[in-house]
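Each chain, written out:
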Amino acid sequence: MRDSLILEVKDLTKRFGGVTAISRCSLALEPRRIYGLIGPNGSGKTTLFNLITGLEHRDEGEVRFKGERIDGLKPHQIALRGIGRTFQIIRIFPELTALENLLVVARSTGGAARRRALELLAFVKLDRLKGEYAGNLSYGQQKLLEFTRVLILDPELILLDEPAAGVNRTLLNDLLEAIRGLKEQGKTVVIVEHDMKVVMGLSEKLFVLDYGEKIAEGPPEAIQNDERVVEAYFGR
Amino acid sequence: MKPLTWGIGLLVLAALAIMPFFVTSYIVSFTIQTFMWVALAGSWNLISGFTGYVSFGHVAFFGTGAYTGALLISKAGWPWLPAGLAGSVTAAALALLIGYPCLRLKGPYFAIAMLGLNEVVRALISYFEDFTGGGSGISLPPILSIEPVYYAMGLSAVSVTLLTYVIITSQFGLRLLSIREDEIAAEAMGINTARLKLYAFLLSAVFPGIVGGFYAWYASHIEPLGTFPLLTTITMIIMCLFGGKGTVWGPVLGAVLLSVFQELVWARFLFVHQALFGALIVAVVLLLPKGILGVLQERYRLPRAI
Amino acid sequence: MPIQITGAMMLQGVVSGLLAGGLYAMVALGLSLIFGVMRVINIAHGALLMLGAYTTYWLFALYGMNPFLSLLISFPLLFGVGVLLQRWFVHRVVNAPELSSLLLTFGISIFIPNLAMLAWTADYRSVEFLTGSFLLGPIAFSKPRLVTFLFALGIAGLAFLFLLKTKLGKAIRATSQHREVAQVCGINVRRIDLIAFGLGAGLAGAGGSLVSVMFSVFPEMGQIYVFKSFLVIVLGGAGNYPGAFFGGLLLGLVEGLASLLLTAQLSEVIAYILLVLVLLVRPTGLLRGRA
């Protein structure tokens, strides 16, 4: 059973000074699924992503990817093992062109990588802007560019931090379709999203964080009716 | 690059190659120094223009190369050419020694550390008097003809520029730029930033080491204060910045323009020379931070390789 | 070394070192203020110090003014120079990558001394005001150094009082802790920048006035204090104001002992090696805990 998990987070704890950002948090992710990670502002969602991808160091607990410990690895090692992510506050490379933003990440160089990059840009309708500096793109376009940058890395597990925020309505449906498509390609996806309609519609299973603790997990219907979740969102 | 660009480039190279036969030795010396600055500014560009890590003590590699060359010539009796080339080895070794720990430092801290390390190297060289001649330095026999140095310096300048072109058109170059743009995002996208920074740092030390070695032979005399001044680092930086950092031709353009400017204008205002240079630095930083090519690049969508 | 080092010599080294350290502390506090608030490394700090020294020198040479009294002029004068530099130049590179501010302040740092040289020549000048020393047991106290030390301590104390007790001082500390948050809380960050650079420059100028009582005054005199100040703020932790103060005393102490035990050149190396080591091992400074 354990071996079939793609990601296993066990009793993860992270403190910043006196504040406990993540507290004994455990998650088990199976491959080929779409998960949602929700919780009020400051509940530790982004910190959890940072811990999994190695940008922050855990104080306690462990993270296993396909059965192997990855806590303690450097971020690029984790990325190359197969965990890709986007950021809540966009982190593209502004003075590289849209195309270069993808080529720089590609695992191979040459014609094949270039074709794949152009294909991805076309997919998010940025192909005509491939020579434009990424910093000159609109917010929504940058968001999409960041999304395709993860795809060119071709990770097995994809962590998306608010992928839909700022993306215009016409592109949003394409984006959601693309995320569903990732599952068909055998990927596992975790989404942090504030738009409840989006996250409920996409996820097969949700994890709810509050004050760094996992307070609930389950299918969307069950979570919507969970008292603790309602309390966490509206009770204060 | 287009065939036309290649054509022009080859023509300029050919002209430079036969130039010493037609001009005065004054012009030859001037061109030697300009070549040296092209190599230095281009080298600084490789680490700082690409990755954004400000090497504020880059003259340390030049000085190390100069001392390596001078010692090999004076103590070991080496001919100047291999002695100068050997400067690359010690400079790269120094880069490895300090780059490995220091490239972890971010922003201004890296700059300060490099500044401090340059002083350490300079002070150590002054200290080991028996070996390095201490504060009075090392004198070499005067050189009889400067043409060989002209070609050696010229080849160094061309090599740095070619190297920059090769890097900038490769994924390695893009990855260095991604470190400048957003190091954390680069890491999270599987880019081994620590290793790439170190490679860039090593590459950026090689040619300052070599031209340092050639310079020692050319100048016939070196001493610590004149070989490791912060001003030399700043000059490399300002040349690179003025032409356009992170581009192939920016450092070349900046080095040539400032060298000519220095020769034509400043030499006549010896007393205010430093004040003028200070004002120029301030002006470049405030008015032209992207440099000439940076501005052109942005306005006309030129590739970086130009 | 053949010379036997006695306990009294050690004690003398400690005393001389600490006396020098008070001045370093005050000058570095100025640099630290500027760095803390704006993340700008002010390489022109030494040039400002030099201007303060000339202020005192000329007031003394032309009007016979007591050099310590001239602090009342050099501090506000340099405060003004600092505000102008900030308003004309530095504010434009506050949010730029560090390369811009390093180069900009370097440019200023060679511009001003060069002008000073044109105006006042490169001659070494001195303020012959307080000389000699007195003995306390086996330890010699140089009078000018002791008085300067006390003044440096007093001025640094006033600066701390200002930072701790006044509303403006609190705003400065808030800005240096978190610029964006301070802005959101309604602090006019650009005004804070002006005041911080003014204060930093003022402290450098006051430092120059005090230096002039002990050492020669000449256009390039400020340079060594810039390097020393870097070391001090690295020791104390950049932007950590009490840290800068103790870092200054510590540097004085290390120098005092090193000059006793090592040759001049080597003691200089020790200072720079210390700089790099502290940066590598504990970039947040010796006082603060690990990052």
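One structure accompanies this document, and this report is about it. (Residues numbered from 1 in each chain as written. Chains lettered and ligands numbered in written order. Predicted model: local features only at pLDDT ≥ 70, side-chain atom pairs only at ≥ 80, totals over all residues. Heavy atoms only, no water.)

## Brief notes about the overall build of chain B
Going by this rule: Helix and strand labels come from DSSP, where a helix needs a run of H or I of at least four residues and a strand needs a run of E of at least two; each type is numbered from the N terminus. Between the two quantities, the radius of gyration covers C-alpha atoms and the globule rule is 2.2 Å times the number of residues to the power 0.38. We call a residue buried when its accessible area falls under 20% of the maximum for its residue type, exposed when it is over 50%, and partly exposed in between, using a 1.4 Å probe and counting protein chains only. For this analysis, residues touch if any pair of their heavy atoms sits within 4.5 Å. Reported accessibility uses the Shrake-Rupley method at a 1.4 Å probe radius. Residues are deemed covered only where the shown protein chains occlude them. Here the positive residues are Lys and Arg and the negative ones are Asp and Glu; neither His nor the chain ends is included. In plain terms, the charge of a residue is placed at NZ if it is Lys, CZ if Arg, CG if Asp and CD if Glu.
When you go through chain B residue by residue, the secondary structure sums to 14 helices and 2 strands. Relative to its length of 306 residues, chain B is compact, with a C-alpha radius of gyration of 19 Å against a globular reference of 19 Å. Projected onto the principal axes, the alpha-carbon positions of chain B cover approximately 50 × 45 × 40 Å. Expressed as a percentage of its 306 residues, the buried residues of chain B come to 58%. Expressed as a percentage of contacts within chain B between residues at least 6 apart in sequence, the contacts between residues at least 24 apart total 81%. Counting only carbon and sulfur atoms, one obtains 73% of the accessible surface of chain B, whose full area is about 12,100 Å². Within chain B, one finds 15 positive and 11 negative side-chain charges whose respective centroids are separated by 11 Å.

## Brief notes about the interface of chain A and chain B
Applicable threshold: Salt bridge, as applied in this entry: a Lys or Arg side-chain nitrogen positioned within 4 Å of an Asp or Glu carboxyl oxygen.
In this assembly, 28 residues from chain A lie in contact with 22 residues from chain B. In this structure, the connection of chain A to chain B is made through 4 salt bridges. Of the charged contacts, one joins Asp182(B) and Arg91(A) as a salt bridge, the two residues approaching to 2.8 Å between their closest N and O atoms. Elements represented by at least two residues in the side of chain A that touches chain B include exactly helix 2 (75-81), helix 3 (98-103) and helix 5 (139-153) of chain A. Per-element accounting of the side of chain A that touches chain B gives the leading share, 4 residues, to helix 2 of chain A.

## Here we look at the arrangement of the chains
The protein chains that touch form 2 pairs of chains, and the pair with the most contacts between them is chains B and C. With respect to C-alpha atoms, chain A approaches chain C no nearer than 10 Å, and the pair has no contact.

## Side note on the interface of chain C and chain B
Accessible area lost during the coming together of the parts is what is often quoted as the interface size. So the rule is basically this: Buried area adds together the accessible area that both of two parts lose upon being put together, with accessible area traced by a 1.4 Å probe. Contacts described as polar in this section are N or O atom pairs within 3.5 Å, which, within protein, must combine one atom able to donate a hydrogen with one able to accept it, while residues neighboring in sequence count only if both atoms come from side chains.
Of the residues lining the interface, 35 residues belong to chain C; the matching set on chain B comes to 43 residues. A combined buried area of about 3,500 Å² lies between chain C and chain B, and 82% of that area is made up of carbon and sulfur atoms. Of all residues in chain C, Leu99(C), Leu103(C) and Leu280(C) give up the largest surface area on contact with chain B, accounting jointly for 17% of the area buried on that side. At the junction of chain C with chain B, the criterion picks out 0 salt bridges. Run the count over chain C and chain B and you get 1 residue pair in polar contact (both at pLDDT 80 or more). At the level of elements, helix 4 (98-120), helix 9 (223-236) and helix 11 (264-281) of chain C are the ones that each hand at least two residues to the side of chain C that touches chain B. Counting residues per element, the side of chain C that touches chain B draws most heavily on helix 4 of chain C, which supplies 13 residues.

## Some remarks on the packing of helix 4 (residues 111-123) of chain A against helix 5 of chain A
Residues and elements named next belong to chain A. Quick note on the threshold: Axis lines are fitted through C-alpha atoms, for helices just across the contact stretch, and the angle between N-to-C directions can take any value from 0 to 180 degrees. Left-handed is the label given to a crossing in which the near helix is rotated counterclockwise from the far helix by less than a right angle, and right-handed is the label when the rotation is clockwise.
It is the contact of helix 4 with helix 5, at a shortest axis distance of 10 Å, that shows an interaxial angle of 145°. The interaxial crossing formed by helix 4 with helix 5 has right-handed handedness. In this structure, helix 4 contributes Ala113, Arg116, Ala117, Leu120, Leu121 and Phe123 to the contact, and helix 5 contributes Leu145, Phe147, Thr148, Leu151 and Ile152.

## So, the packing of helix 11 (residues 230-243) of chain B against helix 13 (residues 273-287) of chain B
Packed helices, taken two at a time, are described by their axes: the angle between them and the distance between them. Residue and element names in this part refer to chain B. To keep it simple, the criterion reads: These descriptions rest on fixed angle ranges, namely under 35 degrees for roughly parallel, over 145 for roughly antiparallel, 65 to 115 for roughly perpendicular, and the rest for oblique. When residue character is reported, Ala, Val, Leu, Ile, Met, Phe, Trp, Tyr, Cys and Pro are called nonpolar, Asp, Glu, Lys and Arg charged, and the others, Gly included, polar.
Axis separation between helix 11 and helix 13 bottoms out at 11 Å; the angle between their running directions is 40°. Between helix 11 and helix 13, the angle falls in the class oblique. Note on packing geometry: the crossing formed by helix 11 with helix 13 is left-handed. Residues Leu231, Ile234, Thr235, Ile238, Leu241 and Phe242 of helix 11 pack against Gln274, Phe277, Ile281, Val284 and Val285 of helix 13. Considered class by class, the residues forming the contact of helix 11 with helix 13 number 9 nonpolar, 2 polar and no charged.

## Comments concerning the pairing of strand 2 (residues 139-142) of chain C
All names here are of chain C. To be explicit about the condition: In this description, strands pair whenever DSSP reports at least two bridges between them.
What you see with strand 2 is a clean split: Ile139 and Phe141 sit on the buried side and Ala140 and Ser142 on the side with no burial. As paired strands, strand 1 (residues 133-136) and strand 2 are joined by 4 bridges and run antiparallel to one another. Bridge assignment links Phe134 to a residue of strand 2, and that residue is Phe141.

## Considerations on the pairing of strand 1 (residues 7-16) of chain A
Consecutive side chains along a regular strand alternate between the two faces of the sheet. Residue and element names in this part refer to chain A. Bridge count for strand 1 against strand 4 (residues 60-65) is 5 bridges, and the pairing is antiparallel. Across the sheet, residue Lys10 finds its bridge partner in strand 4, namely Glu62. As defined by bridge partners, strand 1 adjoins strand 2 (residues 19-29) across 7 bridges and the pair is classed as antiparallel. Each bridged residue has a counterpart across the sheet, and for Val9 the counterpart in strand 2 is Leu27. The antiparallel pairing of strand 1 with strand 2 creates a hairpin that spans 2 residues between the two strands, and Gly17 there sits at a positive phi of about 60°.

## A look at the environment of Phe214(B)
Residue and element names in this part refer to chain B. Inspection of the secondary structure puts Phe214 in helix 9 (residues 193-219). Judged by relative accessible area, Phe214 falls into the buried class, the value being 2%. Sequence separation between Phe214 and Met36 is 178 residues; the distance between their C-alpha atoms is 9.1 Å. With residues up to four places along the chain from it excluded, the contact list for Phe214 reads Trp80, Leu81, Gly84, Leu85, Ala152, Met153 and Ser156.

## Let's talk about the packing of aromatic side chains
Our working rule: Two rings from Phe, Tyr or Trp (for Trp, the six-membered ring) form a pair when their centres are within 6.5 Å of each other. A pair whose planes differ by under 30 degrees is stacked, one over 60 is edge-to-face, and the rest are tilted. Put simply, a charge is over a ring when the Lys NZ or the Arg CZ is close to the ring centre, within 6 Å, and near the line of the ring normal, within 35 degrees.
Summed over all chains, the structure comprises 27 aromatic pairs over all chains. With 6.2 Å between their ring centres and 0° between their planes, Trp80(B) and Trp217(B) make a pair best called stacked. Residue Trp80(B) is found in helix 4 (residues 80-102), and its partner Trp217(B) is found in helix 9; the two are separated by 137 residues along the sequence. We note that Trp80(B), like Trp217(B), is buried. Pairing Phe245(C) with Phe246(C) gives two aromatic rings, centres 5.8 Å apart and planes at 80°, and the pair type is edge-to-face. Put simply, the rings of Tyr53(B), Phe61(B), Phe110(B) and Phe201(B) touch in pairs and so form one group of aromatic residues. Lying over the aromatic face of Phe87(A), Arg91(A) brings its terminal NZ or CZ to 5.4 Å of the ring centre. Looking at Arg149(A), its charged tip hangs above the ring of Phe93(A), at a distance of 4.8 Å from the centre.

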